[in-house]
Amino acid sequence: MSILAKIAEIENEMARTQRNKATAHHLGLLKARLAKLRRELITPKGGSGGGTGEGFDVAKTGDARVGFVGFPSVGKSTLLSNLAGVYSEVAAYEFTTLTTVPGVIRYKGAKIQLLDLPGIIEGAKDGKGRGRQVIAVARTCNLILIVLDVLKPLGHKKLIEHELEGFGIRLNKQPPNIGFKKKDKGGINFTATCAQSELDAETVKSILSEYKIHNADITLRSDSTADDLIDVVEGNRVYIPCIYVLNKIDQISIEELDIIYKVPHCVPISAHHRWNFDDLLEKMWDYLKLVRIYTKPKGQLPDYTSPVVLPDERTAVEDFCLKIHKNLIKEFKYALVWGSSVKHNPQKVGKDHVMEDEDVIQLVKK
(Lines give C-alpha, C1' and ligand atoms only; values in the text may rest on other atoms or scores of the structure.)
Protein backbone atom coordinates (compact mmCIF):
# COMPACT_ATOMS: atom_id res chain seq x y z
CA MET A 1 0.00 0.00 0.00
CA SER A 2 1.50 3.31 -1.03
CA ILE A 3 2.07 6.15 1.42
CA LEU A 4 -0.52 8.25 -0.41
CA ALA A 5 -3.14 5.54 -0.02
CA LYS A 6 -2.35 5.26 3.70
CA ILE A 7 -2.68 9.04 4.09
CA ALA A 8 -6.01 9.04 2.27
CA GLU A 9 -7.26 6.19 4.47
CA ILE A 10 -6.35 8.01 7.69
CA GLU A 11 -7.89 11.27 6.43
CA ASN A 12 -11.11 9.41 5.63
CA GLU A 13 -11.19 7.87 9.08
CA MET A 14 -10.64 11.27 10.68
CA ALA A 15 -13.50 12.70 8.65
CA ARG A 16 -15.79 9.86 9.76
CA THR A 17 -14.93 10.12 13.46
CA GLN A 18 -17.13 12.32 15.61
CA ARG A 19 -15.25 14.81 17.75
CA ASN A 20 -15.89 14.53 21.45
CA LYS A 21 -14.02 13.73 24.65
CA ALA A 22 -14.24 10.00 24.13
CA THR A 23 -12.68 10.11 20.66
CA ALA A 24 -10.07 12.81 21.33
CA HIS A 25 -7.53 10.14 22.23
CA HIS A 26 -8.13 8.22 18.99
CA LEU A 27 -7.98 11.39 16.86
CA GLY A 28 -4.68 12.36 18.47
CA LEU A 29 -3.25 8.99 17.50
CA LEU A 30 -4.47 9.36 13.92
CA LYS A 31 -3.00 12.86 13.69
CA ALA A 32 0.37 11.56 14.85
CA ARG A 33 0.28 8.75 12.28
CA LEU A 34 -0.63 11.24 9.57
CA ALA A 35 2.27 13.53 10.51
CA LYS A 36 4.72 10.60 10.36
CA LEU A 37 3.51 9.54 6.92
CA ARG A 38 3.72 13.14 5.69
CA ARG A 39 7.32 13.32 6.87
CA GLU A 40 8.14 10.14 4.95
CA LEU A 41 6.67 11.70 1.83
CA ILE A 42 8.93 14.74 2.17
CA THR A 43 12.08 12.75 2.98
CA PRO A 44 11.75 9.26 1.53
CA LYS A 45 13.38 6.57 3.69
CA GLY A 46 16.57 4.77 2.67
CA GLY A 47 18.11 4.48 -0.75
CA SER A 48 20.04 7.21 -2.48
CA GLY A 49 16.73 8.79 -3.43
CA GLY A 50 15.97 10.45 -6.76
CA GLY A 51 17.96 13.52 -7.72
CA THR A 52 16.47 16.82 -6.66
CA GLY A 53 15.12 19.21 -9.28
CA GLU A 54 17.92 20.64 -11.39
CA GLY A 55 18.83 24.24 -10.63
CA PHE A 56 15.95 24.68 -8.24
CA ASP A 57 17.50 26.04 -5.13
CA VAL A 58 19.02 29.47 -5.54
CA ALA A 59 22.01 30.76 -3.60
CA LYS A 60 20.89 33.00 -0.74
CA THR A 61 21.96 36.59 -1.26
CA GLY A 62 21.02 39.86 0.38
CA ASP A 63 19.62 40.33 3.86
CA ALA A 64 16.30 38.54 3.53
CA ARG A 65 14.59 36.16 1.20
CA VAL A 66 10.99 36.50 0.02
CA GLY A 67 9.27 33.75 -1.96
CA PHE A 68 6.22 34.15 -4.18
CA VAL A 69 3.92 31.14 -3.94
CA GLY A 70 0.72 30.73 -5.87
CA PHE A 71 -1.19 28.80 -8.47
CA PRO A 72 -0.13 29.12 -12.10
CA SER A 73 -1.12 32.35 -13.88
CA VAL A 74 -1.93 34.59 -10.92
CA GLY A 75 0.72 37.14 -11.87
CA LYS A 76 3.76 36.10 -9.83
CA SER A 77 6.20 36.69 -12.68
CA THR A 78 4.65 40.03 -13.63
CA LEU A 79 4.90 41.10 -10.01
CA LEU A 80 8.56 40.08 -9.84
CA SER A 81 9.54 41.78 -13.06
CA ASN A 82 7.75 45.01 -12.13
CA LEU A 83 9.15 45.05 -8.58
CA ALA A 84 12.73 44.02 -9.26
CA GLY A 85 13.15 44.81 -12.94
CA VAL A 86 14.13 41.17 -13.57
CA TYR A 87 12.71 39.54 -16.62
CA SER A 88 10.87 36.39 -15.61
CA GLU A 89 9.15 34.91 -18.63
CA VAL A 90 5.53 36.03 -18.79
CA ALA A 91 2.90 34.53 -21.05
CA ALA A 92 -0.84 33.99 -21.09
CA TYR A 93 -0.68 30.23 -20.53
CA GLU A 94 -0.23 28.32 -17.27
CA PHE A 95 3.12 27.03 -15.99
CA THR A 96 5.25 29.58 -17.84
CA THR A 97 7.84 29.68 -15.07
CA LEU A 98 9.51 26.30 -14.70
CA THR A 99 12.38 26.96 -12.29
CA THR A 100 13.08 29.53 -9.61
CA VAL A 101 13.74 33.02 -10.94
CA PRO A 102 15.60 35.24 -8.48
CA GLY A 103 15.55 39.04 -8.34
CA VAL A 104 16.88 41.58 -5.88
CA ILE A 105 15.38 44.87 -4.71
CA ARG A 106 16.92 47.48 -2.47
CA TYR A 107 14.46 48.84 0.01
CA LYS A 108 15.37 51.17 2.89
CA GLY A 109 19.00 50.22 2.41
CA ALA A 110 18.39 46.47 2.70
CA LYS A 111 18.91 44.02 -0.13
CA ILE A 112 15.89 41.76 -0.36
CA GLN A 113 16.01 38.69 -2.58
CA LEU A 114 12.73 37.90 -4.33
CA LEU A 115 12.12 34.40 -5.65
CA ASP A 116 9.51 33.71 -8.29
CA LEU A 117 8.65 30.06 -7.71
CA PRO A 118 6.82 27.93 -10.27
CA GLY A 119 3.08 27.62 -9.78
CA ILE A 120 2.01 24.92 -7.37
CA ILE A 121 -1.02 22.75 -7.89
CA GLU A 122 -3.32 20.83 -5.62
CA GLY A 123 -1.50 17.82 -4.22
CA ALA A 124 1.93 19.49 -4.36
CA LYS A 125 2.75 18.24 -0.86
CA ASP A 126 2.20 14.69 -2.11
CA GLY A 127 4.82 15.28 -4.78
CA LYS A 128 2.57 16.26 -7.70
CA GLY A 129 3.97 18.69 -10.24
CA ARG A 130 7.23 20.26 -9.12
CA GLY A 131 5.41 20.90 -5.86
CA ARG A 132 7.89 19.22 -3.60
CA GLN A 133 10.85 21.28 -4.77
CA VAL A 134 8.83 24.49 -4.84
CA ILE A 135 7.78 24.07 -1.24
CA ALA A 136 11.31 23.03 -0.22
CA VAL A 137 12.59 26.37 -1.52
CA ALA A 138 9.68 28.13 0.19
CA ARG A 139 10.84 26.66 3.53
CA THR A 140 14.10 28.61 3.28
CA CYS A 141 12.40 31.99 2.87
CA ASN A 142 12.08 34.65 5.57
CA LEU A 143 8.68 35.72 4.27
CA ILE A 144 6.19 34.08 1.95
CA LEU A 145 3.97 36.10 -0.34
CA ILE A 146 0.96 34.05 -1.38
CA VAL A 147 -0.19 35.57 -4.65
CA LEU A 148 -3.90 35.12 -5.27
CA ASP A 149 -6.22 36.09 -8.08
CA VAL A 150 -8.69 38.57 -6.64
CA LEU A 151 -11.58 36.98 -8.54
CA LYS A 152 -11.15 33.56 -6.88
CA PRO A 153 -9.16 34.24 -3.72
CA LEU A 154 -10.60 32.26 -0.85
CA GLY A 155 -10.69 28.78 -2.35
CA HIS A 156 -7.12 29.18 -3.55
CA LYS A 157 -5.97 30.58 -0.23
CA LYS A 158 -7.29 27.54 1.62
CA LEU A 159 -5.68 25.11 -0.83
CA ILE A 160 -2.25 26.76 -0.77
CA GLU A 161 -2.27 27.00 3.01
CA HIS A 162 -3.18 23.33 3.18
CA GLU A 163 -0.28 22.42 0.86
CA LEU A 164 2.23 24.46 2.88
CA GLU A 165 0.92 23.15 6.20
CA GLY A 166 1.32 19.59 4.97
CA PHE A 167 4.97 20.40 4.32
CA GLY A 168 5.69 21.60 7.83
CA ILE A 169 5.44 25.32 7.10
CA ARG A 170 3.34 27.25 9.61
CA LEU A 171 2.14 30.62 8.42
CA ASN A 172 1.80 33.65 10.70
CA LYS A 173 2.03 31.48 13.82
CA GLN A 174 4.29 31.40 16.84
CA PRO A 175 5.96 28.12 17.84
CA PRO A 176 3.72 26.40 20.43
CA ASN A 177 4.72 27.01 24.04
CA ILE A 178 5.45 23.39 24.89
CA GLY A 179 8.50 22.09 26.72
CA PHE A 180 9.65 18.73 25.36
CA LYS A 181 12.70 16.89 26.63
CA LYS A 182 13.62 13.26 25.96
CA LYS A 183 15.07 11.19 28.81
CA ASP A 184 16.65 7.78 29.19
CA LYS A 185 14.32 6.49 31.86
CA GLY A 186 11.49 7.55 34.15
CA GLY A 187 8.42 7.28 31.94
CA ILE A 188 6.41 10.20 30.66
CA ASN A 189 6.22 13.13 33.04
CA PHE A 190 3.29 15.35 32.06
CA THR A 191 2.67 18.82 33.52
CA ALA A 192 0.20 21.44 32.37
CA THR A 193 0.54 24.94 33.79
CA CYS A 194 -2.93 25.99 32.62
CA ALA A 195 -6.28 24.38 31.82
CA GLN A 196 -6.20 22.20 28.71
CA SER A 197 -9.25 21.90 26.50
CA GLU A 198 -7.95 19.10 24.26
CA LEU A 199 -4.87 17.31 25.61
CA ASP A 200 -4.76 15.13 28.70
CA ALA A 201 -2.06 12.79 30.01
CA GLU A 202 -3.56 9.80 28.16
CA THR A 203 -3.68 11.50 24.77
CA VAL A 204 -0.14 12.84 25.18
CA LYS A 205 1.11 9.35 26.03
CA SER A 206 -0.60 7.79 23.04
CA ILE A 207 0.81 10.41 20.65
CA LEU A 208 4.32 9.95 22.04
CA SER A 209 4.06 6.15 21.94
CA GLU A 210 3.25 6.47 18.23
CA TYR A 211 6.71 8.05 17.92
CA LYS A 212 8.19 5.29 20.12
CA ILE A 213 9.00 7.81 22.85
CA HIS A 214 8.35 6.33 26.28
CA ASN A 215 10.51 8.57 28.49
CA ALA A 216 10.10 12.32 28.25
CA ASP A 217 9.21 15.50 30.12
CA ILE A 218 6.28 17.36 28.59
CA THR A 219 5.29 20.80 29.86
CA LEU A 220 2.28 22.55 28.36
CA ARG A 221 2.48 26.26 29.08
CA SER A 222 -0.52 27.29 27.02
CA ASP A 223 -3.77 25.72 25.87
CA SER A 224 -2.38 23.45 23.15
CA THR A 225 -3.89 21.11 20.59
CA ALA A 226 -2.73 17.67 19.46
CA ASP A 227 -1.32 19.31 16.33
CA ASP A 228 0.85 21.63 18.43
CA LEU A 229 2.28 18.70 20.33
CA ILE A 230 3.00 16.81 17.10
CA ASP A 231 4.76 19.90 15.69
CA VAL A 232 7.03 20.03 18.72
CA VAL A 233 7.83 16.30 18.62
CA GLU A 234 8.52 16.34 14.88
CA GLY A 235 10.78 19.34 15.41
CA ASN A 236 11.17 20.13 11.71
CA ARG A 237 8.52 22.81 11.47
CA VAL A 238 9.37 26.29 10.22
CA TYR A 239 7.37 29.32 11.31
CA ILE A 240 7.27 31.91 8.54
CA PRO A 241 5.34 35.17 8.34
CA CYS A 242 3.11 35.42 5.31
CA ILE A 243 1.33 38.15 3.32
CA TYR A 244 -1.57 37.45 0.99
CA VAL A 245 -1.17 39.49 -2.18
CA LEU A 246 -4.43 39.87 -4.07
CA ASN A 247 -3.50 40.60 -7.65
CA LYS A 248 -5.59 41.92 -10.58
CA ILE A 249 -7.56 44.52 -8.58
CA ASP A 250 -8.13 46.41 -11.84
CA GLN A 251 -10.93 43.89 -12.46
CA ILE A 252 -13.14 44.69 -9.44
CA SER A 253 -15.17 47.61 -8.08
CA ILE A 254 -14.15 50.10 -5.38
CA GLU A 255 -16.72 48.69 -2.93
CA GLU A 256 -15.21 45.21 -3.20
CA LEU A 257 -11.76 46.71 -2.68
CA ASP A 258 -12.89 48.28 0.62
CA ILE A 259 -14.02 44.87 1.88
CA ILE A 260 -10.71 43.25 0.84
CA TYR A 261 -8.74 45.90 2.71
CA LYS A 262 -10.23 44.66 6.00
CA VAL A 263 -8.85 41.11 5.62
CA PRO A 264 -5.81 40.62 7.91
CA HIS A 265 -2.32 40.03 6.39
CA CYS A 266 -3.67 41.08 3.02
CA VAL A 267 -2.51 43.59 0.37
CA PRO A 268 -4.48 44.20 -2.83
CA ILE A 269 -2.30 45.16 -5.79
CA SER A 270 -2.28 45.20 -9.57
CA ALA A 271 1.02 43.82 -10.84
CA HIS A 272 0.28 44.88 -14.40
CA HIS A 273 -0.57 48.52 -13.65
CA ARG A 274 1.88 48.74 -10.72
CA TRP A 275 -0.84 49.88 -8.31
CA ASN A 276 -0.24 49.84 -4.56
CA PHE A 277 3.35 48.56 -4.73
CA ASP A 278 4.52 51.00 -2.03
CA ASP A 279 1.94 49.56 0.38
CA LEU A 280 3.15 46.03 -0.40
CA LEU A 281 6.81 46.95 0.14
CA GLU A 282 5.99 48.69 3.42
CA LYS A 283 4.11 45.64 4.65
CA MET A 284 6.94 43.35 3.56
CA TRP A 285 9.34 45.49 5.57
CA ASP A 286 7.09 45.25 8.65
CA TYR A 287 6.85 41.47 8.42
CA LEU A 288 10.54 40.87 7.76
CA LYS A 289 11.42 42.69 10.99
CA LEU A 290 14.87 43.79 9.86
CA VAL A 291 17.07 46.15 11.85
CA ARG A 292 19.42 48.62 10.13
CA ILE A 293 22.67 49.58 11.81
CA TYR A 294 24.76 52.42 10.34
CA THR A 295 28.53 52.39 10.65
CA LYS A 296 30.69 55.37 11.56
CA PRO A 297 34.43 55.35 10.86
CA LYS A 298 36.45 57.27 13.43
CA GLY A 299 36.50 61.02 12.79
CA GLN A 300 34.05 60.82 9.87
CA LEU A 301 30.32 61.21 9.43
CA PRO A 302 28.13 58.07 9.62
CA ASP A 303 27.57 56.26 6.34
CA TYR A 304 23.78 56.39 5.90
CA THR A 305 23.78 54.89 2.40
CA SER A 306 24.64 51.25 3.16
CA PRO A 307 23.50 49.99 6.56
CA VAL A 308 24.39 46.59 7.97
CA VAL A 309 21.07 44.75 8.15
CA LEU A 310 20.44 42.23 10.93
CA PRO A 311 17.40 40.07 11.72
CA ASP A 312 15.22 41.27 14.58
CA GLU A 313 16.15 38.50 17.02
CA ARG A 314 19.93 38.88 16.64
CA THR A 315 20.89 42.51 17.04
CA ALA A 316 23.64 42.42 19.68
CA VAL A 317 26.97 44.14 18.94
CA GLU A 318 28.53 40.69 18.68
CA ASP A 319 26.14 39.66 15.89
CA PHE A 320 26.97 42.89 14.10
CA CYS A 321 30.70 42.07 14.25
CA LEU A 322 30.12 38.52 13.00
CA LYS A 323 28.04 39.80 10.11
CA ILE A 324 30.99 41.92 8.90
CA HIS A 325 33.79 39.43 9.55
CA LYS A 326 34.25 36.63 12.03
CA ASN A 327 37.76 37.79 13.03
CA LEU A 328 36.46 41.20 14.05
CA ILE A 329 35.15 39.93 17.38
CA LYS A 330 38.66 38.79 18.42
CA GLU A 331 40.03 42.32 18.11
CA PHE A 332 36.93 43.96 19.58
CA LYS A 333 37.55 46.23 22.57
CA TYR A 334 34.34 48.25 22.91
CA ALA A 335 31.86 50.09 20.72
CA LEU A 336 30.35 53.57 20.74
CA VAL A 337 26.64 53.59 19.95
CA TRP A 338 24.35 56.51 19.10
CA GLY A 339 20.59 55.99 18.87
CA SER A 340 17.47 54.82 20.67
CA SER A 341 19.00 51.77 22.36
CA VAL A 342 21.32 53.82 24.60
CA LYS A 343 20.76 56.44 27.29
CA HIS A 344 23.67 58.73 26.36
CA ASN A 345 24.83 59.63 22.87
CA PRO A 346 27.39 58.20 22.30
CA GLN A 347 27.55 55.45 24.87
CA LYS A 348 30.38 53.00 25.37
CA VAL A 349 29.00 49.45 25.20
CA GLY A 350 30.28 45.87 25.28
CA LYS A 351 29.57 43.07 22.83
CA ASP A 352 26.32 42.01 24.55
CA HIS A 353 24.54 45.33 24.04
CA VAL A 354 21.37 44.94 21.96
CA MET A 355 20.87 47.62 19.30
CA GLU A 356 17.70 48.97 17.74
CA ASP A 357 16.71 50.06 14.25
CA GLU A 358 18.80 52.91 12.79
CA ASP A 359 21.43 53.00 15.50
CA VAL A 360 24.91 54.28 14.60
CA ILE A 361 27.89 52.29 15.77
CA GLN A 362 31.64 52.87 15.90
CA LEU A 363 33.89 49.94 16.76
CA VAL A 364 37.08 50.40 18.75
CA LYS A 365 39.66 47.65 18.34
CA LYS A 366 42.31 46.50 20.80
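This one's a predicted model, so the numbers in the text were calculated from it and none came from an experiment. (Residues numbered from 1 in each chain as written. Predicted model: local features only at pLDDT ≥ 70, side-chain atom pairs only at ≥ 80, totals over all residues. Heavy atoms only, no water.)

Thoughts on the side chain of Thr203
Positionally, Thr203 belongs in helix α6 (residues 201-210). Overall, the relative accessible area of 3% leaves Thr203 in the buried class. Dropping the residues within four chain positions of it, Thr203 is found in contact with Ala24 and His25. (Helix = DSSP H or I, 4+ residues; strand = E, 2+ residues; numbered from the N terminus. Buried < 20%, exposed > 50% of the residue type's maximum accessible area, 1.4 Å probe, protein only. Contact = heavy atoms within 4.5 Å.)

Section: helix α1 (residues 3-16)
At 3.6 residues per turn, the α-helix brings residues three or four places apart onto the same side. Between its first and last C-alpha atoms α1 spans 20 Å; for 14 residues at 1.5 Å apiece the expected length is 20 Å, and the two agree. Restricting attention to buried positions, one finds in α1 the residues Ile7, Ile10 and Met14. All buried residues of α1 project into a common sector of 65° when viewed along the axis, lining one side. Exposed positions of α1 whose direction lies more than 90 degrees from the buried face are Ala15 and Arg16. (Expected span 1.5 Å × (residues − 1). Arc of directions from axis to C-beta.)

Examining the pairing of strand β14 (residues 332-338)
Relative to strand β16 (residues 359-365), β14 is paired through six bridges, and the arrangement is antiparallel. Directly across from Ala335, in β16, lies its bridge partner Leu363. (Pairing = 2+ DSSP bridges.)

Structural notes on the pattern of salt bridges
Side chains bearing opposite charge may pair, as long as their charged atoms lie close to each other. Using the criterion set out here, one finds eight salt bridges in the structure. As a salt-bridge pair, Arg170 and Asp231 come within 2.9 Å of each other at their nearest N and O atoms. Separated by 61 residues along the polypeptide, Arg170 in strand β5 (residues 169-171) and Asp231 in helix α7 (residues 226-234) bring together distant segments of the chain. Residue classification places Arg170 among the buried positions, given a relative accessible area of 7%. Residue class for Asp231 comes out buried when judged on its relative accessible area of 8%. Here the residues in one salt-bridge network are Arg170, Asp231 and Arg237, joined through shared partners. (Salt bridge = Lys/Arg side-chain N within 4 Å of Asp/Glu carboxyl O.)

Some remarks on the packing of aromatic side chains
This structure, assessed with the given rule, holds two aromatic pairs. Directly above the aromatic system of Tyr211 lies the positively charged group of Lys36, at a separation of 5.9 Å from the ring centroid. Taking the ring centre of Tyr334 as reference, the NZ or CZ of Lys348 above it sits at 4.3 Å. (Phe/Tyr/Trp six-rings, centres within 6.5 Å; stacked < 30°, edge-to-face > 60°. Lys NZ or Arg CZ within 6 Å of the ring centre and 35° of its normal.)

Focus on the sheet that holds strand β6 (residues 178-182)
Spatially, β6-β8-β7 is the arrangement adopted by the three strands of the open sheet, whose pairing is mixed. Edge positions in the sheet fall to β6 and β7 (188-192), since each of these pairs with one other strand and no more. Neighbour-to-neighbour, the strand axes of the sheet open up by a mean angle of 5°, direction not taken into account. For β7 and strand β8 (residues 216-220), the ladder comprises five bridges, and the chain directions are parallel. Looking across to β8, one finds that Asn189 is bridged to Asp217. Here α6 sits on the sheet in contact with β6, β7 and β8, set at roughly 135° to β7. On top of the sheet, α7 reaches β6 and β8; it is set at about 40° to β6, its chief contact. (Axes fitted to C-alpha atoms, helices over the stretch in contact; angles between N-to-C directions.)

Considerations on the packing of α6 against α7
Where α6 meets α7, the axes come as close as 11 Å, and the angle between the chain directions of the two elements is 35°. Pair α6 / α7 crosses with right-handed handedness. For the pair formed by α6 and α7, the contact residues are Val204, Ile207 and Leu208 on the first element and Ala226, Leu229, Ile230 and Val233 on the second. Here the contact of α6 with α7 is composed, by residue class, of seven nonpolar, no polar and no charged. (Left-handed = near helix turned anticlockwise from the far one by under 90°. Nonpolar A, V, L, I, M, F, W, Y, C, P; charged D, E, K, R; others polar.)

Considering the environment of Pro264
Within the secondary structure, Pro264 is located in the loop between α8 (254-261) and β11 (266-268). Separated by 21 residues in sequence, Pro264 and Ile243 have C-alpha atoms that sit 8.8 Å apart.

Considerations on the nonpolar core
Within the largest apolar cluster, 58 residues are counted, with the highest numbers of intra-cluster contacts made by Val66, Phe68, Leu79, Leu114, Ile144, Ile146 and Met284. Formed by 18 residues, the second largest nonpolar core is a distinct cluster that contains Ile188, Val204, Ile230 and Val233. (Core = buried A, V, L, I, M, F, W, Y, C linked by side-chain atoms within 4.5 Å.)

Focus on the confidence of the model for the protein chain
Taken residue by residue, the protein chain gives an average pLDDT of 78. The fraction at 70 or more is 87%. No element of the protein chain has a lower mean pLDDT than helix α4 (residues 131-139), which averages 71, and none a higher one than strand β12 (residues 290-295), which averages 87. (pLDDT = per-residue confidence, 0-100.)

Here's the deal with the pairing of β8
Along β8, the buried face is formed by Ala216, Ile218 and Leu220; none of Asp217 and Thr219, which line the opposite face, is buried. Handedness of the β-α-β unit built from β7, α6 and β8 comes out left-handed. (Right-handed = clockwise from strand over helix to strand, strands pointing away.)

Details of α7
Buried residues dominate α7, accounting for seven of its nine residues. Of the residues trailing α7, Gly235 is marked for its positive phi of about 75°.

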